[in-house]
Amino acid sequence: MMEPALILVVDDDPTNFEVIEAFLDGQDYRLHYINSGEAAIAALEHLAPDLILLDVMMPGLDGLEVCRRIKAMPTGATIPIIMVTALSEKRDLARCFSAGANDFISKPINSIELLARARSMLLLREQHKQLQGFNARLEATVQMRTAQLQALSIKLLEAQETERRFLAHELHDEVGQALTAIKINLHRLERWVTSTQASEPLEDCLALVDDALQQVRNISLDLRPSMLDDLGLVPTLRWYINRHAKRTGLRETLTCEALAQRLPTATETACFRIVQEALTNIARHAQAQIVSVTLVQANHTLHLTIQDDGVGFDQNHLSRAKAKGTSLGILGMEERGTLIGGQLSISSTPGQGTRIALQVPLAAPV
Ligand SMILES: Nc1ncnc2c1ncn2[C@@H]1O[C@H](COP(=O)(O)OP(=O)(O)OP(=O)(O)O)[C@@H](O)[C@H]1O
Ligand SMILES: [Mg+2]
């Protein structure tokens, strides 16, 4: 059973309360009387009324000030306030509304007017409460779904890394070894075959095998460099950045301190993939000349930044692309950062380059 609505009457003159009480007699409301603004403010949190009938002219704090203060309180902001006033000048009423009042009733109070206004304000309050409940349920659902999606994201990224690790390994070891064996055999054949007719296709085969070996090696490294697991983030970044610089002609530098210890695997993978995507973006979009990657650890936080001196981009354009789902690279970087408990920020201005910064809190050493 829902409790009847509680109406708080604040008036320095108890006779006014008696009039209101008489007019509301027989209605399904609870009434509470307080004779000063100060006491009403002090009791508000505890009473949590559904409606306040507030006298304007009172000794001490006047009704307007009380109204202002109640509306500034977290509990008070949503409680409807009807000012009860002998003033009828438009200017006075405007002051009531600018103090935050929701409505007013003129003195002497008319019972029909009081009932009608109280009822409509209480209806508003009820609808507001329902909306709040609805909102709270919605928020809880969104939170639950977000947690589920994050768990799913973590699983997907882990599965993707496992798959890439496996494929890189298979390509490098199985296919790579088979190609190497073919190459050795071709060299042996080369020595046995004396016909000049056969030597040309043999040379061709050797060149093709060399090419295939190089490609297999590159694909395997792009999928997941095994040194990330074996040696850790810093050597892998150093190797990757050098390789990227050679391929693109960009001047790329890595500045980092040797880390005190190996980072968690998920953090190493996320940082590596973020650098990979950032450098791919620079090569594709930035028209940059200089790229600097820094990795430092300070105050139990890992700071990774990737900065270029390229054309930059308009952040509004990026927000629109993100909303449309056409900017998956940057979304992916942000997601990877969030999933390891970090935060990724992107600052870019047209003509002034782009800076991507990731901060990840690290557990204190035991
Ligand atoms: N370093 C950069 N310099 C200039 N523009 C950039 C840079 N990085 C990203 N951008 C701009 O931001 C956009 C979004 O990048 P994002 O990586 O999300 O998507 P994409 O590279 O276009 O496609 P993909 O989903 O394949 O990565 C790019 O299309 C580009 O316009
Ligand atoms: Mg991209």
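Just above, that's the structure.
Residues numbered from 1 in each chain as written. Chains lettered and ligands numbered in written order. Predicted model: local features only at pLDDT ≥ 70, side-chain atom pairs only at ≥ 80, totals over all residues. Heavy atoms only, no water.

S.K.: For this particular structure, what's the right way to read the nonpolar core?
M.R.: General note: in soluble globular proteins, nonpolar side chains tend to be found buried as a group. With 38 residues, the main nonpolar core has L304 and I306 as its most contacted residues. Looking at this core, the elements that each hand over two or more residues are α8 (233-248), α9 (265-286), β7 (290-298), β8 (301-308), α11 (328-339), β9 (343-348) and β10 (354-361). Here this core gets nine residues from one element, more than from any other, and that element is α9. Not counting the four nearest positions on each side in its chain, L304 is found in contact with C271, I274, V275, V293, T294, L295, I356, A357 and L358. (Core = buried A, V, L, I, M, F, W, Y, C linked by side-chain atoms within 4.5 Å. Buried < 20%, exposed > 50% of the residue type's maximum accessible area, 1.4 Å probe, protein only. Helix = DSSP H or I, 4+ residues; strand = E, 2+ residues; numbered from the N terminus. Contact = heavy atoms within 4.5 Å.)

S.K.: Help me understand the sheet that holds strand β1 (residues 5-10), please; the structure alone is not making it clear to me.
M.R.: One key point about sheets: their strands pair by backbone hydrogen bonds, in either a parallel or an antiparallel sense. Taken together, the five strands give an open sheet; going across it, the order is β2-β1-β3-β4-β5, and neighbouring strands pair in parallel fashion. Here the strands that pair on one side only, and so sit at the sheet edges, are β2 (29-34) and β5 (103-106). Neighbouring strand axes in the sheet, compared pairwise and without regard to direction, differ in orientation by 20° on average. With four bridges connecting them, strand β4 (residues 81-85) and β5 associate as parallel partners. Residue pairing across strands places V84 opposite I105, the latter belonging to β5. (Pairing = 2+ DSSP bridges. Axes fitted to C-alpha atoms, helices over the stretch in contact; angles between N-to-C directions.)

S.K.: For this particular structure, what's the right way to read the environment of L213?
M.R.: For L213, the location among the structural elements is in helix α6 (residues 196-223). It is 6.2 Å that separates the C-alpha atoms of L213 and G176, two residues lying 37 residues apart in sequence. For L213, the residues in contact, after removing those within four places along its chain, are G176, L179, T180 and K183.

S.K.: Just to check I follow, could you spell out the sheet that holds strand β6 (residues 251-256) for this structure?
M.R.: The strand order β6-β7-β8-β10-β9 describes an open sheet built from five strands, whose pairing is mixed. The sheet terminates laterally at β6 and β9, the two strands that pair on one side only. Neighbour-to-neighbour, the strand axes of this sheet turn through a mean angle of 10°, independent of strand direction. Sheet contacts for α8: β6 and β7; angle to β6, the most-contacted strand, approximately 170°.

S.K.: Mind showing me how you'd approach the side chain of R273 here?
M.R.: Turning to its location among the elements, R273 is positioned in helix α9. Within the structure, R273 has its side chain in polar contact with the side chain of E161 (distance 2.8 Å). Here R273 is in contact with E161, R164, D222, L223, R224 and R336, once residues within four sequence places are set aside. (Polar contact = N/O pair within 3.5 Å; in protein donor to acceptor, adjacent residues only side chain to side chain.)

S.K.: I keep staring at the pattern of salt bridges and nothing clicks. Help me out?
M.R.: Charged atoms that come close allow side chains of opposite charge to pair. Under the counting rule described, the total for this entry stands at 20 salt bridges. D229 is paired through a salt bridge with R165; the nearest N and O atoms lie 3.0 Å apart. Pair noted here: D229 is in helix α7 (residues 226-230) and R165 is in helix α5 (residues 111-192), with a separation of 64 residues, a long-range link. Looking at D229, the relative accessible area reads 28%, which means it is partly exposed. Overall, R165 belongs to the partly exposed group, its relative accessible area being 33%. Between D222 and R243 there is a salt bridge, and its shortest N-O distance comes to 3.0 Å. With a gap of 21 residues between them, D222 in helix α6 and R243 in helix α8 connect regions that are remote in the sequence. Its relative accessible area of 30% is what places D222 among the partly exposed residues. Each of E161, R165, R224, D229, R273 and R336 takes part in salt bridges that share partners, so that together they form one network. (Salt bridge = Lys/Arg side-chain N within 4 Å of Asp/Glu carboxyl O.)

S.K.: I keep staring at the pairing of β9 and nothing clicks. Help me out?
M.R.: On a regular strand, each side chain points to the face opposite its neighbour's, so the side chains alternate between the two faces of the sheet. What you see with β9 is a clean split: L344, I346 and S348 sit on the buried side and Q343, S345 and S347 on the side with no burial. Of the strand pairs in this sheet, β9 and β10 are connected by six bridges, and their pairing is antiparallel. Bridge assignment links L344 to a residue of β10, and that residue is L358.

Spatial relationships are all this shows, so hold off on functional conclusions.
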